[in-house]
Amino acid sequence: MYKVALVGVGGISGAHIPAWEGTDNAELVALCDIRPERTEKFAETKHIYTDFEEMLEKEEFDILDICLPTYLHADYAIKAMECGKHVICEKPISLREEDVDRVYNTAKKNNVKFMVAHVLRFWPEYELLKEIYDTKKYGKLLSGTMTRLGCYPRWSWDGWMMDEKRSGLVPFDLHIHDLDYMVYAFGKPEVAYKYRSQLPDQDFLTINYNFGEFSINTESSWYATSYPFTAEFRFQFENALVANENGKMIIYLRDDEKIDLSADAEGDTGEINLPKSDAYANEIKYFFECIENDKPVDKFDPDELKCVLNIINNL
Ligand SMILES: NC(=O)c1ccc[n+]([C@@H]2O[C@H](COP(=O)([O-])OP(=O)(O)OC[C@H]3O[C@@H](n4cnc5c(N)ncnc54)[C@H](O)[C@@H]3O)[C@@H](O)[C@H]2O)c1
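Note that the structure is predicted; figures quoted are calculated from it, not measured.

**Q** When you look at the site of the ligand in this model, what are you seeing that I'm missing?
**A** With respect to spatial proximity, 26 residues lie near the ligand, and among them D33, R35, T70, W160 and Y280 are the closest. Backbone polar atom of L68 to an oxygen atom of the ligand: 3.4 Å apart, as the coordinates give it. With respect to the ligand, the side chain of E90 contributes an N or O atom lying 3.1 Å from a nitrogen atom. For the ligand, whose free accessible area comes to 850 Å², the fraction covered by protein is 91%. Those elements giving two or more residues to the shell around the ligand turn out to be α3 (73-82) and α7 (169-186). Each of domain 1 (2-117 + 282-295) and domain 2 (121-277) accounts for three or more of the residues forming the shell around the ligand.

In structure tokens form, the structure reads like this:
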């Protein structure tokens, strides 16, 4: 049985904690957050800490899950790996490109595994899109559109998300999901066009990426209003339009035919419907299996992570 500790019991830990609880052969034994009220409800079943160094020193565990604010990711990952812990860390790995080598070199030196949790790489709809692109099932890709929109993140601890130095704002916090996915799935793009509009309580970014044979238009935003969170895409292939919109994954074919791959689609689509799957559980399962079977975490290439940080830092 592998022992797991998690640091940063804020918003996203709500997806990681149940994922660990559902992982066979792993036990989430300890939680750490500087705000005691965040861990109170776990006090009967876990060891609770408010100080990370103390948890590192006193708690026996094999894997650390970092759900801390972005500016702490690299340093906390390095401290834990220097103590021999495997580390899975929320995205982004850092705001600085040079941290990628720092983190990966530490993992190598200490013979432990590291993974940054870019969840779109494990999201069934995005995985299927990559497969359609790789296999050319519907011909060549001609164009794409990706959007990721929501409202200003006033809820974050100490307002860290609204502080550019700590979160990097929309480019590093929100847009990085789609950019990481694009670099992973399609390779390195050039920024063809960008426009950003910012006020103290809103941040909108649109970028058009040129991949040579096709271009992808992206929109990412924290609006000042209560606009609901939406993450969608629409990709135009020679023989089909693959759309993940309004909560449905639909492949529109020529002659008005369409294949609804949504988990709740009715009838026999002739294809396997996408599972109602939890991508956060998928990423944790993948990382844990790499540890259990001593396999390289090769779904992630540090050069891709560097490429993403380089693009964003040069916007
Ligand atoms: N993959 C995704 O879909 C996704 C979604 C949301 C957030 N995230 C990422 O997850 C990370 C955390 O975001 P969040 O929304 O959970 O933030 P949050 O503000 O809700 O939570 C952060 C938590 O860390 C705690 N904390 C701060 N400093 C600490 C320290 N030194 N030691 C221990 N605890 C400390 C805070 O008390 C807080 O509970 C960010 O890097 C963000 O980019 C990813």
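**Q** Would you mind going over the side chain of S220 with me for this structure?
**A** Structurally, S220 is set in strand β10 (residues 215-223). Residues in contact with S220, not counting those within four places in the same chain, are R148, L149, V170, H175, D203, F204 and L205.

**Q** Hey, could you run me through the sheet that holds strand β2 (residues 26-32) in this one?
**A** Backbone-to-backbone hydrogen bonds join strands into a sheet, with any given pair of strands oriented parallel or antiparallel. Ordered in space as β3-β2-β1-β4-β5-β6, the six strands form an open sheet in which the pairing is parallel. Pairing within the sheet leaves two strands with one partner each, and these edge strands are β3 (47-49) and β6 (114-117). Mean inter-strand twist for the sheet, computed between neighbouring axes without regard to direction, equals 20°. Across four bridges, the pairing between strand β5 (residues 86-90) and β6 is parallel. Residue pairing in the sheet places V87 in a bridge with F114 of β6. Its contacts with the sheet put helix α8 (residues 279-292) on β1 (2-7), β2, β4 (63-66), β5 and β6, and the angle it makes with β5 is roughly 160°.

**Q** What's the story with the sheet that holds strand β11 (residues 230-237) in this structure? I'm lost.
**A** Taken in spatial order, the eight strands make up an open sheet running β8-β9-β10-β7-β11-β12-β13-β14, and their pairing is mixed. Looking at which strands have only one partner, the edges of the open sheet turn out to be β8 (190-199) and β14 (258-260). Each strand axis lies, on average, 10° off the axis of its neighbour in the sheet, ignoring direction. Relative to strand β12 (residues 240-245), β11 runs antiparallel, the two being bridged by four bridges.

Calculation notes
- Residues numbered from 1 in each chain as written.
- Predicted model: local features only at pLDDT ≥ 70, side-chain atom pairs only at ≥ 80, totals over all residues.
- Heavy atoms only, no water.
- Near = heavy atom within 4 Å.
- Polar contact = N/O pair within 3.5 Å; in protein donor to acceptor, adjacent residues only side chain to side chain.
- Areas by Shrake-Rupley, 256 points an atom, 1.4 Å probe, with all protein chains shown as cover.
- Helix = DSSP H or I, 4+ residues; strand = E, 2+ residues; numbered from the N terminus.
- Domains from an automatic or database assignment.
- Contact = heavy atoms within 4.5 Å.
- Pairing = 2+ DSSP bridges.
- Axes fitted to C-alpha atoms, helices over the stretch in contact; angles between N-to-C directions.

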